[in-house]
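Each chain is listed here by its residues.
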Amino acid sequence: MIFVTGATGNVGREVLAQLTAAGVPVRGLSRTAGADLDDPASLRPALEGVRAVFLLPGYRDMRGLAAEFAAAGVERVVLLSSQAAVATDSANAVSAYMIDSETAVRESGLAWTFLRPAAFMSNTLRWLPQLRAGDVVSDAFGDVPIASIDPADIAAVAVKALLEPAHEGRAYSLSGPEALLPAERLHILGRALDRDLRFEALTDEEAWTRMSATTPIAYVQAFFSFYRGHIIDETTVHPTVENLTGRPPRTFTQWATTHAPPHSERNLRDQDARRTAAAVIIAPPGTAGVSATTSGSAHIDNPAPGRFHEALGPALITAGPAPTASHVPWRAGPPGSGWPRPGGPSAPPRARGTCAPTR
Ligand SMILES: NC(=O)c1ccc[n+]([C@@H]2O[C@H](COP(=O)([O-])OP(=O)(O)OC[C@H]3O[C@@H](n4cnc5c(N)ncnc54)[C@H](OP(=O)(O)O)[C@@H]3O)[C@@H](O)[C@H]2O)c1
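Residues numbered from 1 in each chain as written. Predicted model: local features only at pLDDT ≥ 70, side-chain atom pairs only at ≥ 80, totals over all residues.

Where do I start with the overall build of the protein in this structure?
If you tally the helices and strands in the protein, you get 12 helices and 10 strands. Per-residue burial for the protein yields a buried fraction of 50% across its 359 residues. Of all intrachain contacts in the protein linking residues separated by at least 6 positions in sequence, the fraction that spans at least 24 positions is 73%. (Helix = DSSP H or I, 4+ residues; strand = E, 2+ residues; numbered from the N terminus. Buried ≥ 20, exposed ≤ 12 C-beta atoms within 10 Å, placed from the backbone. Contact = placed C-beta atoms within 7 Å.)

Right under this line is the structure:
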């Protein structure tokens, strides 16, 4: 049994879907049944029979989580980390919690693999409020090209690492196939949405003001140190996805097309079928901490395909439950990428309901 945390998120839902498609027994974690990664003991019932874990970083007690895994007989952890862990600047709030998460897993005695992706293509969903309001999108760091990666490709590598011992003890830098400026991503998105979209780069002063309004200052500083202090390299294209999966990483055009409006009835049917197939969570009946019904399985919303359309236009997709707060893609705030989770080891306190980045 493989345990997937963040199973409703951009990466986790892809891991869940790909493992399910491969016929691997999988259990997905959602907080709906009371389990919380910030409370390691709450995971105990969900860990029964688990041999490998796909783990998100930055929770309150990463050492406690690793200890629970070890006690439950887990053998292998695949940690979703970040290029921020390579930056090795522990004064940077994001790097600090990524490094802390890697250290906790490394020191746990469990076999580990670290995935260190560049910014996710799904961070583009952050533009949704502006796209709803008009055809102009403004954002910070307009001069920084990023080789962003499709969460589906991160998941493909994660699946390999979860299933194959050859990846133990390896830390993989992951990127998409090309480095693009925000304006270039917006242009591609405009083509996919059939809209004439225009990018406006914020000055650094404007960016600081906008980010500070929704994000703890330590994270605003972290972003400026990444993209103005140049302590992170998210521009380099890494061959890892192709080396490990045997196929090139998905382009931003592919991502945008996948998440743009469905163009035909056939696409709609395909989406529904894919969503249903991808969304099964297998769990013992009534298992606490697993979003399962008493019948032993449940469907979670899998809003990946057509998310732009769902958010921008009429709800063409009718199957499946309504999105929950965790699926609302535009909650992430600051520019560049969807950095870090609130509540991580180094995360400053954050008022409820504010927008924090989700990297
Ligand atoms: N965005 C980037 O560019 C980037 C780059 C590198 C690394 N990362 C890292 O990647 C992680 C995953 O990103 P994503 O985009 O896949 O995430 P996401 O779409 O924001 O989803 C977050 C997931 O985490 C779950 N979650 C949040 N708090 C939890 C808690 N206390 N206990 C249990 N589950 C909890 C949510 O579950 P619910 O359904 O219960 O809310 C959801 O499934 C980020 O958290 C970040 O640390 C991001």
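Still more to cover.
Whenever I open this one, the pairing of strand β4 (residues 76-80) confuses me. Can you help?
Along any regular strand, the residues point their side chains to alternate faces of the sheet. Where burial is concerned, most of β4 is hidden: 5 out of the 5 residues are buried. Where burial is concerned, the two faces of β4 agree: the one with Arg 76, Val 78 and Leu 80 and the one with Val 77 and Leu 79 are both buried. Relative to β4, strand β3 (residues 52-55) runs parallel, the two being bridged by 4 bridges. Pairing of Val 53 across the sheet is with Val 77, part of β4. A crossover links β3 with its parallel partner β4, the connecting element being helix α2 (residues 62-71), and its sense is right-handed. Note that β4 and strand β5 (residues 111-117) share 5 bridges and pair parallel. When the bridges of β5 are listed, Val 77 appears paired with Trp 112. (Pairing = 2+ DSSP bridges. Right-handed = clockwise from strand over helix to strand, strands pointing away.)

Please explain unusual backbone geometry as it appears in this structure.
With glycine set apart, most residues show a phi of negative sign, and most peptide bonds adopt trans. Positive phi outside glycine occurs at Phe 141, with the angle close to 50°. Mapped onto the secondary structure, Phe 141 falls in the loop between β6 (136-139) and α5 (151-163). Phi is positive for Asp 194, which is not a glycine, with a value near 60°. Within the secondary structure, Asp 194 is located in the loop between α6 (182-193) and β8 (198-201).

Sorry if this is basic, but what is going on with the packing of helix α1 (residues 12-21) against α5 here?
Working note: a packed helix pair is described by the angle between its axes plus the distance between those axes. As a packed pair, α1 and α5 sit with axes 8 Å apart at the nearest point and diverge in direction by 50°. Between α1 and α5, the angle is such that the two are oblique. Considering only the axes of α1 and α5, their crossing is right-handed. Residues Glu 14, Val 15, Gln 18 and Leu 19 of α1 form the contact with α5, whose participating residues are Pro 151, Ala 152, Ala 155, Ala 156, Ala 158 and Val 159. Its residues assigned to classes, the contact of α1 with α5 comprises 8 nonpolar, 1 polar and 1 charged. (Axes fitted to C-alpha atoms, helices over the stretch in contact; angles between N-to-C directions. Parallel < 35°, antiparallel > 145°, perpendicular 65-115°, else oblique. Left-handed = near helix turned anticlockwise from the far one by under 90°. Nonpolar A, V, L, I, M, F, W, Y, C, P; charged D, E, K, R; others polar.)

Explanation requested: the nonpolar core in the structure shown.
A general tendency of soluble globular proteins is for nonpolar side chains to be buried together. Leu 115, Val 157 and Ala 158 are the most contacted members of the largest nonpolar core, which totals 90 residues. Take this core: its biggest share by element is 9 residues, from α5. Once residues lying within four places of it in the same chain are set aside, the contact partners of Val 157 are Leu 115, Tyr 172, Leu 174, Thr 240, Val 241, Leu 244 and Thr 245. (Core = buried A, V, L, I, M, F, W, Y, C linked by C-beta atoms within 7 Å.)

Which parts of the structure should I look at to understand the environment of Ala 70?
Within the secondary structure, Ala 70 sits in helix α2. Setting aside residues up to four positions removed in sequence, Ala 70 forms contacts with Ser 108, Gly 109 and Leu 110.

Would you mind showing me how to read the environment of Glu 184 here?
Considering the arrangement of structural elements, one finds Glu 184 in helix α6. Through-space distance from the C-alpha of Glu 184 to that of Phe 252 is 9.7 Å; in sequence the pair is 68 residues apart.

What is the right way to look at the sheet that holds strand β1 (residues 2-4) in this model?
Note on sheets: strands pair through backbone hydrogen bonds, and any given pair is parallel or antiparallel. The parallel open sheet is built from 6 strands, whose spatial order is β2-β1-β3-β4-β5-β7. Only two strands of the sheet have a single neighbouring strand rather than two, namely β2 (26-28) and β7 (170-174). The mean angle between the axes of side-by-side strands here comes to 15°, regardless of whether they run parallel or antiparallel. As defined by bridge partners, β5 adjoins β7 across 5 bridges and the pair is classed as parallel. If you follow Phe 114 over to β7, its bridge partner there is Ala 171. Here α5 sits on the sheet and contacts β1, β3, β4, β5 and β7; the angle it forms with β5, its principal contact strand, is near 170°.

Is there a simple way to think about α1 in this case?
Residue pairs three or four apart in sequence face the same way in an α-helix, which turns once every 3.6 residues. Extensive coverage of α1 is indicated by the burial of 8 of its 10 residues. Here α1 has its buried residues at Gly 12, Arg 13, Glu 14, Val 15, Leu 16, Ala 17, Gln 18 and Leu 19. A positive phi of about 80° marks Gly 23, the residue just after α1.

Explain the packing of α6 against helix α10 (residues 252-259) here, please?
Where α6 contacts α10, the two axes come as close as 9 Å, and the packing angle between them is 40°. Looking at the two axes, α6 sits oblique to α10. Note on packing geometry: the crossing formed by α6 with α10 is right-handed. Residues Arg 185, Ile 188, Leu 189 and Ala 192 of α6 lie in contact with α10, whose contacting residues are Phe 252, Thr 253, Ala 256 and Thr 257. A class-by-class count of the residues in the contact of α6 with α10 yields 5 nonpolar, 2 polar and 1 charged.

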